[in-house]
Amino acid sequence: MSDLLVPLYKLPERMPLKGFAVRRVMAHEGVAVRKWVEAEFSSGWASEILPALSRTPSSIFIAVDGSSQKPAGFCAWDCTALGFLGPVGVAENYRNRGLGRRLTVEVLYSMKEQGYGYAVVGDAGPVEFFKSSCSAIIIPDSAPGIYPEVLT
Ligand SMILES: CC(C)(COP(=O)(O)OP(=O)(O)OC[C@H]1O[C@@H](n2cnc3c(N)ncnc32)[C@H](O)[C@@H]1OP(=O)(O)O)[C@@H](O)C(=O)NCCC(=O)NCCS
């Protein structure tokens, strides 16, 4: 899979998400968020978000379901490499409601405020999601990019 480039100078509006709060993860929530990411997605992603959870302020946002106060989705940046957005994930039962787009756009605004001009999505799976959410374009000749062979 290829990497994607996202311009931070023409970001879409942050649309309101009824029933959900989108906010940064606080330090005391780190273990809970890491366990949730491992259970919902993978141990690889639970590892990948460790740098995001370790800095202050964290570089990871979550969407919290207002009716249960449980996480519904997350998006991190500056994890595997500086300037990289991801991982991003929405729990299966919350998909297709705009949460993934909202989280991604929220992170892109933070990256812009931090001083980045572009964000990179490494080894992007759902390319169409990133194209429609934030005008991402494919970076030519970017596979396998920075990623080494998977450990066995
Ligand atoms: C990709 C993911 C984060 C999208 O979250 P979501 O909350 O369901 O997405 P949204 O509801 O915000 O969708 C925004 C737009 O992207 C489209 N979209 C959503 N998921 C998509 C997918 N997997 N492939 C292509 N398009 C997708 C939606 O149809 C919508 O399009 P529209 O603008 O025409 O309405 C979610 O499906 C997920 O967690 N997948 C597994 C993890 C993953 O692959 N993460 C990306 C790692 S690089």
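Let us look at the structure shown here. This structure is a prediction, so every number in the text was calculated from the model and none was measured.

## Comments concerning the sheet that holds strand β2 (residues 20-24)
Then, number 1: Pairing in this open sheet of 7 strands is mixed, and the strands run β2-β3-β4-β5-β6-β1-β7 from one edge to the other. Edge strands, defined here as strands with exactly one partner in the open sheet, are β2 and β7 (137-138).
Then, number 2: With 4 bridges connecting them, strand β4 (residues 71-77) and strand β5 (residues 84-90) associate as antiparallel partners. Counted as the bridge partner of Cys-75 is Val-88 from β5.
Then, number 3: Its contacts with the sheet put helix α1 (residues 30-40) on β3 (60-65) and β4, and the angle it makes with β4 is roughly 100 degrees.
Then, number 4: Most of the contacts of helix α4 (residues 99-114) go to β4, to which it runs at about 30 degrees, and overall it touches β1 (4-7), β2, β3, β4, β5 and β6 (118-121).

## Here's the deal with the site of the ligand
Then, number 1: Taken together, 17 residues surround the ligand, and among them Val-88, Val-90, Asn-96, Gly-100 and Arg-101 come closest.
Then, number 2: One nitrogen or oxygen atom from the main chain of Val-90 is found 2.8 Å from an oxygen atom belonging to the ligand.
Then, number 3: Between Arg-97 and the ligand, the recorded distance is 3.3 Å, taken from a backbone N or O atom to an oxygen atom.
Then, number 4: In isolation the ligand offers 910 Å² of accessible surface; the protein chains occlude 67% of this area.
Then, number 5: Listed by contribution, the elements that provide at least two residues to the shell around the ligand are β5, α4 and α5 (127-134).
Then, number 6: When residues of the shell around the ligand are assigned to their parent elements, the largest contribution, 4 residues, is made by α5.

## Digging into the pattern of salt bridges
Then, number 1: A complete count under the given rule lists 4 salt bridges for this structure.
Then, number 2: Measuring nitrogen to oxygen at the nearest pair gives 3.3 Å for the salt bridge that ties Arg-14 to Glu-106. Highlighted residues: Arg-14 in the loop between β1 and β2 and Glu-106 in helix α4, separated in sequence by 92 residues.
Then, number 3: The partner of Glu-106 in a salt bridge is Arg-102, with the nearest N and O atoms 2.3 Å apart. Taken together, the residues Glu-106 and Arg-102, both in helix α4 and 4 residues apart, mark about one turn of the helix. Summarising the burial analysis for this pair, Glu-106 and Arg-102 share the class buried.
Then, number 4: Through salt bridges with shared partners, a single ionic network connects Arg-14, Arg-102 and Glu-106.

## Section: the pairing of β4
Then, number 1: Summarising burial for β4: 6 of the 7 residues are buried, a large majority.
Then, number 2: Bridging between β3 and β4 involves 5 bridges; their strand directions are antiparallel. For Ala-63, the partnering residue across the bridge sits in β4 and is Gly-73.
Then, number 3: Hairpin connection of β3 to β4: 5 residues between the antiparallel strands, including Gln-69 at a positive phi of 60 degrees.
Then, number 4: Count of turn residues in the β4/β5 antiparallel hairpin: 6 residues, of which Asp-78 carries a positive phi of about 55 degrees.

## Details of the environment of Thr-80
Then, number 1: Structurally, the position occupied by Thr-80 is in the loop between β4 and β5.
Then, number 2: Among the residues examined, Thr-80 registers a relative accessible area of 38% and is labelled partly exposed.
Then, number 3: As for Thr-80 and Gly-122, which are separated by 42 residues in sequence, their C-alpha atoms are 8.6 Å apart.

Rules and cut-offs
Residues numbered from 1 in each chain as written. Predicted model: local features only at pLDDT ≥ 70, side-chain atom pairs only at ≥ 80, totals over all residues. Heavy atoms only, no water. Pairing = 2+ DSSP bridges. Helix = DSSP H or I, 4+ residues; strand = E, 2+ residues; numbered from the N terminus. Contact = heavy atoms within 4.5 Å. Axes fitted to C-alpha atoms, helices over the stretch in contact; angles between N-to-C directions. Near = heavy atom within 4 Å. Polar contact = N/O pair within 3.5 Å; in protein donor to acceptor, adjacent residues only side chain to side chain. Areas by Shrake-Rupley, 256 points an atom, 1.4 Å probe, with all protein chains shown as cover. Salt bridge = Lys/Arg side-chain N within 4 Å of Asp/Glu carboxyl O. Buried < 20%, exposed > 50% of the residue type's maximum accessible area, 1.4 Å probe, protein only.

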